[in-house]
Amino acid sequence: MSKRPNYIAAVDPGLQGAICVIESPSGKLASKFTFDKDSSGKIDWIKMRELVEKINDVYSPTWVVEKLQPIFGISKSSAWSLADNWGTIKGILIGLYCPDFILVTPKDWQKKVHIPTDVVLKKGKKTKDPKLTSLKSAERLYPRESFLYGDNEKQSGRRTKPNLGIVDALLIAHANL
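Conventions and cut-offs
Residues numbered from 1 in each chain as written. Predicted model: local features only at pLDDT ≥ 70, side-chain atom pairs only at ≥ 80, totals over all residues. Heavy atoms only, no water. Buried < 20%, exposed > 50% of the residue type's maximum accessible area, 1.4 Å probe, protein only. Helix = DSSP H or I, 4+ residues; strand = E, 2+ residues; numbered from the N terminus. Pairing = 2+ DSSP bridges. Axes fitted to C-alpha atoms, helices over the stretch in contact; angles between N-to-C directions. Parallel < 35°, antiparallel > 145°, perpendicular 65-115°, else oblique. Left-handed = near helix turned anticlockwise from the far one by under 90°. Contact = heavy atoms within 4.5 Å. Nonpolar A, V, L, I, M, F, W, Y, C, P; charged D, E, K, R; others polar. Polar contact = N/O pair within 3.5 Å; in protein donor to acceptor, adjacent residues only side chain to side chain.

Asks: Give a detailed account of the pairing of strand β1 (residues 6–12), specifying residues and quantitative values.
Replies: Counting buried positions along β1 gives 6 out of 7 residues, so the element sits mostly inside the fold. Two strands pair when backbone bridges link them, and β1 and strand β2 (residues 18–24) are joined in this way by 7 bridges, in the antiparallel orientation. Looking at the pairing, D12 lines up with A18 of β2. With antiparallel pairing between neighbouring strands as the criterion, β1 and β2 make up a hairpin whose turn holds 5 residues. Sheet topology places β1 next to strand β4 (residues 62–66); 4 bridges connect them, and they run parallel. Residue pairing for β4: A9 is matched across the bridge by W63.

Right under this line is the structure:
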């Protein structure tokens, strides 16, 4: 009888966030989900609760959530939305009896998955672009995976831009193998 794999479900609670589930210890991607939106464009929390419940039923994962950190240069309303997302996701996990979830800072998970050859600099600057560096890391770690996913496919019928929420959620999970 073969042993059932363990799973890690990671949440990027950002404005365009996502959840990825990977097998442990192989790191194989099991599922990926973007957040459903309501008619006003905000996260549909009822569907989010149902999604978390479904993931629990199918995978019984260890949950990892990116810890909210101060982000300089964003508006107060964006900061409030991030805090609201983060708190509501934590509340859903606690409400569904997943109180032992792990919080991980962006700096900690990025340190585990970014390597020097992944680094992409911001245009015209000498500082690292963390989103594009993460995309490059994800493409290196998961070369067969397409990160072209999300809203852009509904508009044009083609997937033309990467979904950075899925990229971050996958890397958060991978960093916790």
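Asks: How would you sum up the packing of helix α1 (residues 45–59) against helix α2 (residues 76–95)? Please name residues and give values.
Replies: When two helices pack together, their arrangement is given by the angle between their axes and by how far apart the axes lie. Running from amino to carboxyl end, α1 crosses α2 at an angle of 45°, the nearest separation of the two axes being 10 Å. Taken together, α1 and α2 sit at an angle that is classed as oblique. In terms of crossing hand, the pair formed by α1 and α2 is right-handed. Residues W45, M48, R49 and V52 of α1 lie in contact with α2, whose contacting residues are N85, T88, I89, I92 and L93. Tallied by class, residues from the contact of α1 with α2 come to 6 nonpolar, 2 polar and 1 charged.

Asks: Could you give an account of the side chain of T133, with specific residues and numbers?
Replies: Mapped onto the elements of the fold, T133 is located in helix α4 (residues 130–141). Looking at T133, its side chain comes within polar contact range of the main-chain nitrogen of V120, at 3.0 Å. At a separation of 2.8 Å, a polar atom in the side chain of T133 contacts the main-chain carbonyl oxygen of D129. Look past the residues within four positions of T133 in its chain and what remains in contact with it is H114, D118, V119, V120 and K128.

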